[in-house]
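# Remarks on the overall topology
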Amino acid sequence: MILNIENLHKIYDNGTHALQGIDLSVNEGEFLVIIGLSGSGKSTLLRCINHLVEPTSGKIEFLGKDITHVRGQELREVKKQIGMVFQQFNLIKRRSVLTNVLTGKLGYLPTWNTLIEKFSPEIIAEAMQNLETVGITEKAHIRADNLSGGQQQRVAIARSLMQKPKLLLADEPVASLDPATSNSVMQYFEKVNKEFGTTVICNLHFLSLVRRYATRVVALKAGSIIYEGLPSDIDDNWFRTIYGEEAEEVEIR
Amino acid sequence: MSSHELPHAIIGAKKEREARISLTKAILLDIFFVFYSIIVLQRAVYYKLILDLREMPFAWSEIGFIFIASVILGALWASSRTSLSAKLFGVARESKVTDLTTELFGWFLFNITFISGWIITKISIVDIFSPDGIDGAQRIFGSLFTPEFNIFDDALFAIIETIYIALIATLISIPPTLVLSFLTARNLMKDSKTAFASYYVLRVFLNFVRSIEPLIWAIIFSVWVGIGPYAGMIALLVHTIASNAKLYSEAIEGIEEGPIEAIAATGANKLQIIWYAVVPQIVLPFLSFTIYRWDINVRMATIIGLVGGGGIGTMLMQYQGLALWKEVGLIVIMIAVVVWIMDYISAKIRESIK
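Cut-offs applied
- Residues numbered from 1 in each chain as written.
- Chains lettered and ligands numbered in written order.
- Predicted model: local features only at pLDDT ≥ 70, side-chain atom pairs only at ≥ 80, totals over all residues.
- Heavy atoms only, no water.
- Phe/Tyr/Trp six-rings, centres within 6.5 Å; stacked < 30°, edge-to-face > 60°.
- Helix = DSSP H or I, 4+ residues; strand = E, 2+ residues; numbered from the N terminus.
- Lys NZ or Arg CZ within 6 Å of the ring centre and 35° of its normal.
- Contact = heavy atoms within 4.5 Å.
- Salt bridge = Lys/Arg side-chain N within 4 Å of Asp/Glu carboxyl O.
- Polar contact = N/O pair within 3.5 Å; in protein donor to acceptor, adjacent residues only side chain to side chain.
- Domains from an automatic or database assignment.

The relative placement of two aromatic rings is captured by the distance of their centres and the angle of their planes. In this structure the tally under the stated criterion is 19 aromatic pairs over all chains. Seen in terms of ring centroids, F35 of chain B and F67 of chain B are 5.5 Å apart; in terms of plane orientation they differ by 85°. Their pairing is edge-to-face. In this pair, F35 of chain B is assigned in helix α1 (residues 6-50) and F67 of chain B in helix α2 (residues 60-79), connecting sequence segments 32 residues apart. A centroid spacing of 4.9 Å and a plane angle of 90° characterise the contact between W77 of chain B and F105 of chain B, whose relative ring orientation is edge-to-face. Of the two residues, W77 of chain B is situated in helix α2 and F105 of chain B in helix α4 (residues 96-121); the sequence distance between them amounts to 28 residues. Ring pairs connect the aromatic residues F32, F33, Y36, W77, F105 and F108 of chain B, which therefore count as one cluster. Sitting over the ring of Y108 of chain A, K80 of chain A keeps its end group 4.7 Å from the ring centre. Lying across the ring of Y108 of chain A, K105 of chain A places its NZ or CZ 4.9 Å from the centre.

Before going further, it helps to spend a moment on the interface of chain B and chain A. Taken residue by residue, the interface counts 26 residues in chain B and 38 residues in chain A. On inspection of chain B and its partner chain A, the count reaches 3 salt bridges. On the surface where chain B and chain A come into contact, there are 9 residue pairs in polar contact (both at pLDDT 80 or more). Mapped by element, the contributors of at least two residues to the side of chain B that touches chain A are α1, α12 (257-265) and α13 (270-305) of chain B.

Once that is clear, we can look at the domain arrangement of chain B. Entries for chain B in the domain assignment read domain 1 (5-123) and domain 2 (143-352). Summarising the inter-unit geometry, the C-alpha centres of domain 1 of chain B and domain 2 of chain B are found 39 Å apart.

Printed below as a string of structure tokens:
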């Protein structure tokens, strides 16, 4: 078991009770997909795992170690082992693709060297290697904001690979991409999951993508888990429970 | 308490505390409103407008009495939850009484403020159309439009001095402003209690420095280091640091959170996050503010010269004191031309670096 979450609650300062007692275990090598409506707590759950959001109560264990209340250097050690990919890519727009990928290594390098932007040839080679994994080596020296959305997301994946993550969190990674690009970006997540054995936890909206890539599905509604099982087991009944009576599945190809 | 009840207890406690704080604020504001109304009605409207007194009677005991009366009235009024402040802080009861009082009292406050402002400003139609006044104005305007070119070379040196005072003040201000702006950016300083405390102290301090006009700083420094360009430069420097630190820190607060989150998620430390996620986003706005500030400082340096800060302002003051209006006319024209050129150049530079 790589990740174990017990009775996790998150209450934001404005009083929103985003997570209401989440219990979840994730095994090594899984491709876990979390589904649910916007506002159901999917993002908050991912962000609690790597402490971009501080959980209010409950327990999070990562690699058998309680990381619920770690701080400072200890927390950075945890973050180094958990990669994260965002819906809005969150690249540094004005810098080159290569620099963006290199930032994934910051936690491993001495502060001073990174502030004068001195990276050893081995690390640059590693960055190029990761760019090759996502298939955009030729764009290495272009400014990040000159890339298309799908390419930017692949750079973001390469950046997280620099961390050699045990766990990769993906917060709606394809929600701002078109259907064709979505699928190609999802294939890179699959590649990372299968080739490097990296555990992936991914928030998704489209069930067609869920059925294709997930090894297990968890559905959230109003901050609680209401379904847990295989993607093939989500039938019309479950679909309406998760997305509401009015919902109708739209096929994305 | 079981762990399951805990979150709901937290939510409830939070809401209750917020409501209490809002009501306290409403009470304080209502006390102020009542106190303000009584004082303005008594002093401006009754003494000045109705009795037309020249000397205002003043007694602390009277003010104290009015204050105590307003504390009681304001507290009662806000507690009834039908007052203007209760409405403003969202703790008012929904009722016709609330709507009526807020509307009436709002109008009342606006009107007494306008009337007392009119009285205090001593607005007078007679003064602006008096023949004597118009004569004097004509004399000065006439001289200004027939400038005396004898002093052109002196004035040119003086105005160059002014431009350099502004330039040096702006350049020296950059490093301290950078450091201060990071320390006063809320989004960078909210993580720990000590960081937030120093953020708060620095903010208050900078607000204080900024609230003192460069003109007053110039008076202080002309006593400290002696009258001249040096005093003017330090005055501008102090004010530039305080103002730009605020602008810079607001630019930092306005940046995209996404890249910060992304870099933080890689396990990078604070300095690395600032260098990779914050700095690239703020370089251009900072440059733009700094160039604009140079432009502002040239104008301010002129004013500061009036109180002994050196440059063209000091020269203007001397000729104005001697009532040599034609010379003053030349200086005013030169200032206008330089300010116009600076304005144009800085606008062009700022456009090109966007």
